[in-house]
Every structure is written in C-alpha cells, then in structure tokens.
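Secondary and tertiary structure notes
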Amino acid sequence: MDKKLHYVKEELLRREIPPVLLVLLLLAVLLLNFLLYLHLNNFSVTTRQPDVDSSLCPFGYFRLGPLKNCSPWLSCEAINTEVRKLKCVGEGAVKKVFLSEWKENKVSLSQLANSELKEDFLHGLKMMKSLQSKYVVRLLGYCEKQFTILTQYHPLGSLKSLNEMLDLPRYKGLNTWHRRFMLAIDYVSIIHYLHNSPLGTLVMCDSNNLDKVLSQYLLTSDFHVLVNDLDALPLVNKSAGRLVKCGHRELQGEFVAPEQLWPYGEEVPFEDDLMPPYDEKTDIWKIPDVSNFFLGHVEGSDIVRFHLFDIHAACKKKNPAERPSAQKVMDTYRKILTLLLREAAMPGTREML
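Residues numbered from 1 in each chain as written. Predicted model: local features only at pLDDT ≥ 70, side-chain atom pairs only at ≥ 80, totals over all residues. Heavy atoms only, no water.

1. Brief notes about the sheet that holds strand β6 (residues 139-143)
- Reading across from one edge, β3-β4-β5-β7-β6 is the order of the five strands in this open sheet, with antiparallel pairing throughout. With one partner strand each, in any of the chains shown, β3 (83-91) and β6 form the two edges of the open sheet. On average, each strand axis in the sheet is tilted by 25 degrees relative to the strand beside it, whichever way the strands run.
- One ladder, built from four bridges, connects β6 with strand β7 (residues 148-152); its direction is antiparallel. In the sheet register, C143 faces β7, and the bridge partner there is T148.
- The strands touched by helix α4 (residues 118-130) within the sheet are β4 (95-102), β5 (105-112), β6 and β7, with β7 carrying the most contacts at an inclination of about 40 degrees. (Pairing = 2+ DSSP bridges. Helix = DSSP H or I, 4+ residues; strand = E, 2+ residues; numbered from the N terminus. Axes fitted to C-alpha atoms, helices over the stretch in contact; angles between N-to-C directions. Contact = heavy atoms within 4.5 Å.)

Structure, rendered in structure tokens:
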C-alpha cells in the first residue's frame, strides 16, 4: 500500500512539473540573477559622484545657482561692492566665516582671524585655487591684500553636525547604512585625491582628533562630502626625501598615527627638531575611525563594519609602509558597497539555487 502511494505521488509530480519546465524555471532564475547583476553594477557606478563635474568651469571661473554661464572669480573690488555680510557662522584659529549674499545667492565669506597666521591663510587660498575639483568647495573669488576668500555656501554645514542632521524628520529617510557608507566613500575619495593631486602628494594635517577632521569637511544639500579647509596641506616628495610634520607641537592620543607620536619616551623632553618626519600614510591610519563615525549605529551598519574589518586592520598597521594606499582603500570600499547592494537586492538567491 505504501509503495503504491509513493508511486502515485511520483507520478503526480512528474505530471505537474515536467523536467523541461524545471529546466526553464532554473534558467529563468539564472537570467534574473544576471539581469540584477548588470543593474547593480550600473547602480554602484551611478551612486558615485561622476569623475567629471559638469558644473565646473575653466580655471579662474565659477558657476553658481541658476547661472548658466561661467563668471570670473570675484576681485577685491567686486567683493567689496557686491557681497553683503549677513552674520558670523563660524570661527577657527585662522579664519572667521560669515554667511553673506551675492546677487541673491547665499555665499560664505572667510576672513583672517589672527594676523600671526597670515601664511596659513594664504597657503589655504593657494591650495583652494590649485585644487578646484568636485572634491573641493567651490571658490567664487578672493582678495589677497584683504585676506578674504569667497566660496559657495552649504547650509548643512560641517560634518560635525551629521548625526544631528540625520535625526531631523526631513532627513530621517537618508539615515541608512547605504547613505552613510556613501559618505565614507566620499571621504576616502577626497583623501585619494589629495594624495594624488595636481600638486603632488598632500597630507591632511588638520586631523589630530575626530572633531578636527570633521570640521574640515562640508555636507552638501545632496548629501555628498567636500573638503573645505586647506590651510594645513604640506607636500610629501619621497623621491626627493621630503617628508612632513604636522605642526611644531607634540601630538598625543590614539587618533593620530603612531609615527606622529614622540618616540623617545617621557624621560626625554619634546623637541621639534628631534621629531622624525612622516608621510601621507598618517591619513590612512585615521580612515577607520572616521568611517566608524560615518556608519553610526543604524540597521545594517555592523554588517558593513564586518566587511570592512580586513581593510581597516591593514590601515591600522603600525608600520606605515605596510598600510594600503588611499586607492586600495577606495577600491575596496566600492567593491564592498556593490557586494552589499547585491545581497540586499537578492537575500534568498543562494537558497533558491
């Protein structure tokens, strides 16, 4: 009796799902996976900022707001007559920043705050002029003799306020692992750009703690990251034996790279002349800590951290020469993003096959 029932069940299965139909179903699943693969490959590319920013103008020019044509950088005269200060919105050791208005556009006006730091201010201006790109805040004009710089205004401010911004009702929909990881990729892309800039290998020296790092970058209205403060960007030239030191004071804490710490112990007083110089790998050491801030504690962020474990461990190698390049970190981040997007789109694919 049992054998007969088993035979009947097998016959019904054969009649209900012919082998040809099973093959077709399997092929359909494989085709669906292939199409999703192509779609997500395309998606992972389009979620990056394009390599060429169509809003950029030739050197010495800018485009802002609804303006279709490129305008020349504003001169001292134009800044003095056409720009109106509204209020002070920030102040650091080198600059005061004022929300201002130019031809009905909100702009940022930066002015020297400490006359002893004129060289830092002018270095920042030189860097801003030379490094104009999709990674750097847009320069609108400057006046060297009055120590004034005019740049595009970004109302969301610096990255220090990121978590508070994402807690607001209007931005809560953006508070996801995907969006936060994209910001981390933006940050690493900027570090890669600075390490491979038109001027050579530049080190982001204003980065002795997390708050200081975050204050150097702006969050745009479309949720991308721009570097804004370029006052401390010394040049590394290894072939010429040129390394750097970030300032002339002793650095402390776990955030800075080991090679930035005084190597001779507490029994030897710090002397700047005895402090060994270092290279751009100090920026690589700090990437895991900055990315950890970006990822926050939203659903899915721990999975991202798990996938980043190996590359972050490499970034924290005590020997700077063993740390990966910014290019390697950036490529790894992008590969992990693509992988996670595929897994999110096809959570049950492996079980189906």
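2. As for α4
- For α4, with 13 residues, the first-to-last C-alpha span of 18 Å sits near the 18 Å given by 1.5 Å per residue.
- Within the sequence span of α4, burial applies to F121, G124, L125, M127, M128 and K129. (Expected span 1.5 Å × (residues − 1). Buried < 20%, exposed > 50% of the residue type's maximum accessible area, 1.4 Å probe, protein only.)

3. A short note on the confidence of the model for the protein chain
- A residue-level look at the protein chain finds 82% of positions with pLDDT of 70 or above and a mean pLDDT of 88.
- Note on residues 43-52: pLDDT is under 50 here. Beyond four places in sequence and across chains, it has 15 contacts.
- Contacts from residues 349-353, a stretch scored under 50 in pLDDT, to residues over four places away or in other chains number seven contacts. (pLDDT = per-residue confidence, 0-100.)

4. A look at the side chain of H154
- With respect to the element layout, H154 can be found in the loop between β7 and α5 (162-166).
- If sequence neighbours within four positions are ignored, H154 has contacts with V137, L218, L219, T220 and L226.

5. Comments concerning helix α10 (residues 326-345)
- Along its 20 residues, α10 runs 29 Å from first to last C-alpha, staying within 8% of the 28 Å computed at 1.5 Å per residue.
- Of the positions making up α10, those classed as buried are A326, V329, M330, T332, Y333, R334, I336, L337, T338, L340 and L341.

6. Some thoughts on the state of the cysteines
- Under the criterion given, the structure shown has three disulfides.
- A sulfur-sulfur distance of 2.0 Å marks the disulfide that ties C57 to C70. Given an S-S torsion of about -85 degrees, the disulfide between C57 and C70 has left-handed geometry. Pair noted here: C57 is in the loop between α2 (19-46) and β1 (61-62) and C70 is in the loop between β1 and β2 (71-72), with a separation of 13 residues, a long-range link.
- Here C57 falls in the buried class, since its relative accessible area comes to 16%.
- Paired by a disulfide, C76 and C143 hold their sulfur atoms 2.0 Å apart. Torsion about the S-S bond of the C76 and C143 cystine: about 100 degrees, corresponding to right-handed handedness. A residue pair is termed long-range when its members are at least 10 positions apart, and C76 in helix α3 (residues 76-82) and C143 in strand β6 qualify at 67 residues. Residues C76 and C143 agree in their burial class; the two are buried. (Disulfide = S-S within 2.5 Å.)

7. Thoughts on unusual backbone geometry
- The backbone of F147 sits at a positive phi, close to 50 degrees, despite the residue not being glycine.
- Its place among the elements puts F147 in the loop between β6 and β7.

8. A few points about the packing of aromatic side chains
- Applying the stated criterion to the full structure yields twelve aromatic pairs.
- Ring centres 4.9 Å apart and planes at 25 degrees place the aromatic pair Y135 and Y193 in the stacked group. Here the residue Y135 occupies a position in the loop between α4 and β6, and Y193 occupies one in helix α6 (residues 177-195), the gap between them amounting to 58 residues. A single burial state applies to Y135 and to Y193, both of which are buried.
- Counting every residue linked through ring pairs, the aromatic cluster contains Y187, Y217, F293 and F294. (Phe/Tyr/Trp six-rings, centres within 6.5 Å; stacked < 30°, edge-to-face > 60°.)

9. Side note on the environment of S108
- Secondary-structure assignment places S108 in strand β5.
- Classification of S108 by relative accessible area gives buried; the value is 10%.
- Along the backbone, S108 and K85 are 23 residues apart, and their C-alpha atoms lie at a distance of 8.9 Å.

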